[in-house]
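In case you want the letters, here they are:
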Number of protein chains: 2
Amino acid sequence: MMKFIPMVAAALTLTASAQAQEPGAAPSPNQIVASASADEWITISAEDLLVMMLAPDRDGNPREVVLQLMPAPFSQGWVENIRLFARSGWYDNISVNRVQDNYVVQWGDPNYDNPETEGKAKPLPEGLRVMEEADYTTTTVDVTLIHNGMELTEDNRVQFAAMDWSQTEDPDFHNVSPDVRTTQTTHTFAGWHQRDSYSQWVEFFQSWPVSSEGETGDAPWWPIHCYGMVGVGRGYSPDTGSGAELYTVIGHAPRHLDRNIALVGRVIEGMEHLSSLPRGKGDLGFYTDPSRRTAIQTVRVASDLPQAEQPQFEFLSTESETFAQYAEARANRRDPFFIVPAGGADICNIPVPVRRTATQ
Amino acid sequence: MMKFIPMVAAALTLTASAQAQEPGAAPSPNQIVASASADEWITISAEDLLVMMLAPDRDGNPREVVLQLMPAPFSQGWVENIRLFARSGWYDNISVNRVQDNYVVQWGDPNYDNPETEGKAKPLPEGLRVMEEADYTTTTVDVTLIHNGMELTEDNRVQFAAMDWSQTEDPDFHNVSPDVRTTQTTHTFAGWHQRDSYSQWVEFFQSWPVSSEGETGDAPWWPIHCYGMVGVGRGYSPDTGSGAELYTVIGHAPRHLDRNIALVGRVIEGMEHLSSLPRGKGDLGFYTDPSRRTAIQTVRVASDLPQAEQPQFEFLSTESETFAQYAEARANRRDPFFIVPAGGADICNIPVPVRRTATQ
């Protein structure tokens, strides 16, 4: 009886660091990830990292949140806007204004449409792009492909290694050199995929959960609202939002928002500083008492920070063999606590491993 | 531009109270629920409600959490234990010891297996049942059925109204009076059902999300780990836990725990007091600093409270016509914010409407 809690603890682990594996026991998903080789990890560009400093908590502890921005071909107009907001200092001294349980945390300028303070609303920076609703999905992926192990770019090297080129329908694709091909493709992304309650085809694109229509994984594709994903608040259609208002998911994946709002990234560190904020008591979780808002002091693109302060992160390639084993183990837990493997896993229950490597 | 935030707000609503519906606009899920008739709501027995008082927050605000216990035929041995723990006062002065982001909040006696304080661990009450792993699922439902509108019991009146009796395989069932039938049935539960990433058949049983094996919805059945569901911590197999350690889900549904651990209820009010607690910094989200634990002052079965203090709740019958409309609207949002209906909904994204009626 005295051993009760730690066993429960071991029982419920999902995110703890890999623990010593008992001889003969099946590895946990975390132990599988810990066994990945160095070349299965892909460095995230500092240009794709945002460092958001919240005001310290009531005990004076710092609260840093790191976001990763989404790569092409998804949502790039909004992503460019977000870098512009950050680089112009527009995000500095805004605040978290809304926390709705099992839904979203949302931040922005609290003075917009506030009858008492709207005169203080910040003017938007110049040069923002206005995106269309069609851009919530994408039908064309510009990719540089590789063949026979020849590496064309560092970024997509692993992504397309497992691609079944024979299925590519683009006739131009087959007319270029088999060793070096650059094309627009409607081919499905390679690797793990499945159907779920929302779609016949969900999969990972360069570590991002994406969905498509139909049963074959063909275009259009769009990103999925999993826990921790970051999106762009907007008004009623046809407004698509600029990036001035952002939110992140703090509950069960609200997939009904997919294709209805732009997803632009995800929180990769410090999520607990957002998810544990007090829920707002107003409609939709807005704070009725302005003093409950959490101040956002600064938001910086990591590449703009002094070299020594730039955080470094990498993700496990979703095309790697280790990721395939990890996804399988998430669907069929065989490590010692489990009795009955589930036989499946929701894509949002296969969080892509991301780790901080070092601050230079 | 000045209208930005409130439009965003309206955009992202899920749980706000029903708002005025624009003429011609499709109703939101909440508006559909608001239109339910009184007889579609089912009162929750005070015997199935637990009132858990946490210590006040740092500003002195009270924190009350209300849990609903699961009905037969699911997990009843643990549910009986939980009433025994509550009635013996065993839960008084325990604490929340673990908060792991996107996973669980767990509470119990912090002195178990604590080298510094284990001598202070509470002795368990006498009379606890020891459950078997087979009880994580159920193969037989004892139900009292009705026919031609004749009401046999208040609790299952609506549940079985929509049942297609012609499909019942039990031959004895067809030999009793058509007006009054009491039987053990292997029949599937009636109403909304679908397949998902984990199962060919998920549905609602008297408002609880449940799953089954195979493609026909036949036994065995088991409850599903959706957001806010409450389960029983345990050690390694064959331990099944007593109910001394409980947890609730604060993230994306961890369905891999289904059939591996007993689910016994759900949080129906005050969830934000648990989900917003600071995350623990130790392995698995345990607090390394005991002062971070949140004290649980009392846990009472509502029926034991003075009549005037008993909270009253009801849920929308999952067999009702309004629930069917609500579930369909959750899967296909057509209210003004939405552009593209999802075409489906995860069962954990169809939270069963529960409302407080009054404190007597």
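Since we're looking at a predicted model, the values are computed, not measured.

Peer 1: Is there a simple way to explain the overall build of chain A in this structure?
Peer 2: If you tally the helices and strands in chain A, you get six helices and 17 strands. The proportion of buried residues among the 360 residues of chain A is 59%. Taking as baseline every contact in chain A between residues at least 6 positions apart, the subset at least 24 positions apart corresponds to 68%.

Peer 1: Just checking my understanding: could you explain the state of the cysteines for this structure?
Peer 2: Among covalent bonds in proteins, the disulfide is the one between the sulfur atoms of two cysteines. All names here are of chain A. A complete count under the given rule lists two disulfides over all chains for this structure. A sulfur-sulfur separation of 2.1 Å characterises the disulfide bridge that pairs C226 with C348. One quick way to see it: the torsion about the S-S bond of C226 and C348 is about -80°, and its sign makes the bridge left-handed. Placement of C226 in the loop between β11 (221-223) and β12 (229-232) and of C348 in the loop between α6 (321-331) and β17 (354-356) is noted, with a sequence separation of 122 residues between them. An identical accessibility class is assigned to C226 and C348; each is buried.

Peer 1: Would you mind going over the side chain of A:R330 with me for this structure?
Peer 2: Residue and element names in this part refer to chain A. As for its placement among the helices and strands, R330 is situated in helix α6. Buried R330, no salt bridge; nearest opposite-charge side chain is D335, N-O distance 9.0 Å. Reaching out from R330, the side chain makes a polar contact with the backbone oxygen of N349 at a distance of 2.9 Å.

Peer 1: Honestly, the environment of B:S242 in this entry has me stumped. Any pointers?
Peer 2: Residue and element names in this part refer to chain B. Checked against the element boundaries, S242 lands in the loop between β12 (229-232) and β13 (246-249). A C-alpha to C-alpha distance of 9.4 Å links S242 and V79, two positions 163 residues apart in sequence. Apart from the residues within four sequence positions on either side, S242 is in contact with W78, N81, F85, L128 and V232.

Peer 1: How should the pairing of strand β13 (residues 246-249) of chain A be read in this particular structure?
Peer 2: A regular strand places its side chains on the two faces of the sheet in alternate fashion. Residue and element names in this part refer to chain A. Because side chains alternate across β13, one face comprises the buried residues L246 and T248, and the other comprises Y247 and V249, equally buried. Across four bridges, strand β5 (residues 104-108) lies against β13 in antiparallel orientation. Opposite V104, over in β13, you have V249 as the bridge partner. The pairing of β12 with β13 spans three bridges and is antiparallel. Each bridged residue has a counterpart across the sheet, and for G231 the counterpart in β13 is Y247.

Peer 1: What should I look at first to understand the interface of chain B and chain A in this one?
Peer 2: Size of an interface: often given as the accessible area lost when the parts come together. With 85 residues of chain B at the contact, the number on the chain A side is 85 residues. There are four salt bridges connecting chain B and chain A. Residue A:D59 pairs with B:R292 through a salt bridge whose shortest N-O separation is 3.6 Å. Applying the counting criterion to the chain B and chain A interface returns 25 residue pairs in polar contact (both at pLDDT 80 or more). Elements with a contribution of two residues or more to the side of chain B that touches chain A: α1 (4-12), β4 (94-100), β5 (104-108) and α4 (271-275) of chain B. Counting residues per element, the side of chain B that touches chain A draws most heavily on α1(B), at nine residues.

Peer 1: In this structure, what is going on with the pattern of salt bridges? I would like to understand it.
Peer 2: In a structure, side chains of opposite charge can pair up when their charged atoms sit close to one another. For the structure on display, the rule yields 34 salt bridges over all chains. One salt bridge in this structure joins A:D92 and A:R300, with 3.0 Å as the shortest N-O distance. One end of the pair, A:D92, is in the loop between α3 (76-87) and β4 (94-100); the other, A:R300, is in strand β15 (residues 294-301), with 208 residues separating them in the sequence. In this structure, the salt-bridge partner of B:E328 is B:R334, at a minimum N-O distance of 2.8 Å. Residue class for B:E328 comes out partly exposed when judged on its relative accessible area of 34%. One network of salt bridges, with partners in common, ties together A:E47, A:D48, A:R83, A:R87 and A:D304.

Peer 1: Help me understand the packing of aromatic side chains in this model?
Peer 2: Evaluated as defined, the whole model comprises 16 aromatic pairs over all chains. Seen from their ring centres, B:W78 and B:Y136 are 5.6 Å apart, and the 10° between their planes marks the pair as stacked. With a gap of 58 residues between them, B:W78 in helix α3 (residues 76-87) and B:Y136 in the loop between β5 and β6 (141-146) connect regions that are remote in the sequence. In this structure an aromatic cluster arises from ring pairing among A:F85, A:W90 and A:Y91. One cation-aromatic arrangement involves A:K122 over A:W90; the distance from NZ or CZ to the ring centre is 5.6 Å.

Peer 1: Can you walk me through helix α5 (residues 321-331) of chain B in this structure?
Peer 2: Every α-helix carries 3.6 residues per turn, so stepping three or four residues along brings you back to the same face. Buried within α5(B) are the following residues: B:T322, B:F323, B:Y326, B:A327, B:A329, B:R330 and B:A331. In the core, the buried residues of α5(B) are packed alongside α2 (29-34), β9 (201-205) and β16 (311-316) of chain B.

Peer 1: What's the story with the relation of the copies chain B and chain A in this structure? I'm lost.
Peer 2: The two chain copies are connected by a rotation around an axis plus a translation along it. Here chain B sits on chain A after a turn of 180° about the axis and a move of 0.0 Å along it, with an RMSD of 0.0 Å. When the rotation and shift are considered jointly, the pair of chain copies conforms to a two-fold rotation axis. Interface overlap between copies is the fraction of interface residues in one copy that are interface residues in the other; for chain B against chain A it reaches 100%, indicating a shared surface.

Peer 1: I would appreciate a short explanation of unusual backbone geometry in the present structure.
Peer 2: Trans is the common state for peptide bonds, and a negative phi is the common state for residues other than glycine. Along the chain, B:A72 connects to B:P73 via a cis peptide bond; the corresponding omega equals 10°. Mapped onto the fold, B:P73 is located in the loop between β3 (63-69) and α3. Even without a glycine there, the phi angle at A:R259 is positive, about 70°. With respect to the secondary-structure elements, A:R259 resides in the loop between β13 and β14 (263-269). In this structure, B:N102 is a non-glycine residue whose phi angle is positive, near 55°. Among the secondary structure elements, B:N102 is positioned in the loop between β4 and β5. By relative accessible area, B:N102 is classed as partly exposed at 21%.

Peer 1: What exactly am I supposed to notice about α3(A) here?
Peer 2: All names here are of chain A. Taking 1.5 Å per residue, 12 residues should reach 16 Å; α3 reaches 16 Å between its end C-alpha atoms and fits that length. Along α3, the positions that sit buried rather than exposed are G77, W78, V79, N81, I82, R83, F85 and A86. Contacts made by the buried residues of α3 are with β2 (49-54), β3 (63-69), β12, β13, β14 and β15. After α3 finishes, the residue G89 shows a positive phi value of roughly 75°.

Cut-off values and rules
Residues numbered from 1 in each chain as written. Chains lettered and ligands numbered in written order. Predicted model: local features only at pLDDT ≥ 70, side-chain atom pairs only at ≥ 80, totals over all residues. Heavy atoms only, no water. Helix = DSSP H or I, 4+ residues; strand = E, 2+ residues; numbered from the N terminus. Buried < 20%, exposed > 50% of the residue type's maximum accessible area, 1.4 Å probe, protein only. Contact = heavy atoms within 4.5 Å. Disulfide = S-S within 2.5 Å. Lys, Arg positive; Asp, Glu negative; His and termini not counted. Salt bridge = Lys/Arg side-chain N within 4 Å of Asp/Glu carboxyl O. Polar contact = N/O pair within 3.5 Å; in protein donor to acceptor, adjacent residues only side chain to side chain. Pairing = 2+ DSSP bridges. Phe/Tyr/Trp six-rings, centres within 6.5 Å; stacked < 30°, edge-to-face > 60°. Lys NZ or Arg CZ within 6 Å of the ring centre and 35° of its normal. Least-squares fit on C-alpha atoms with pLDDT ≥ 70 in both. Expected span 1.5 Å × (residues − 1).

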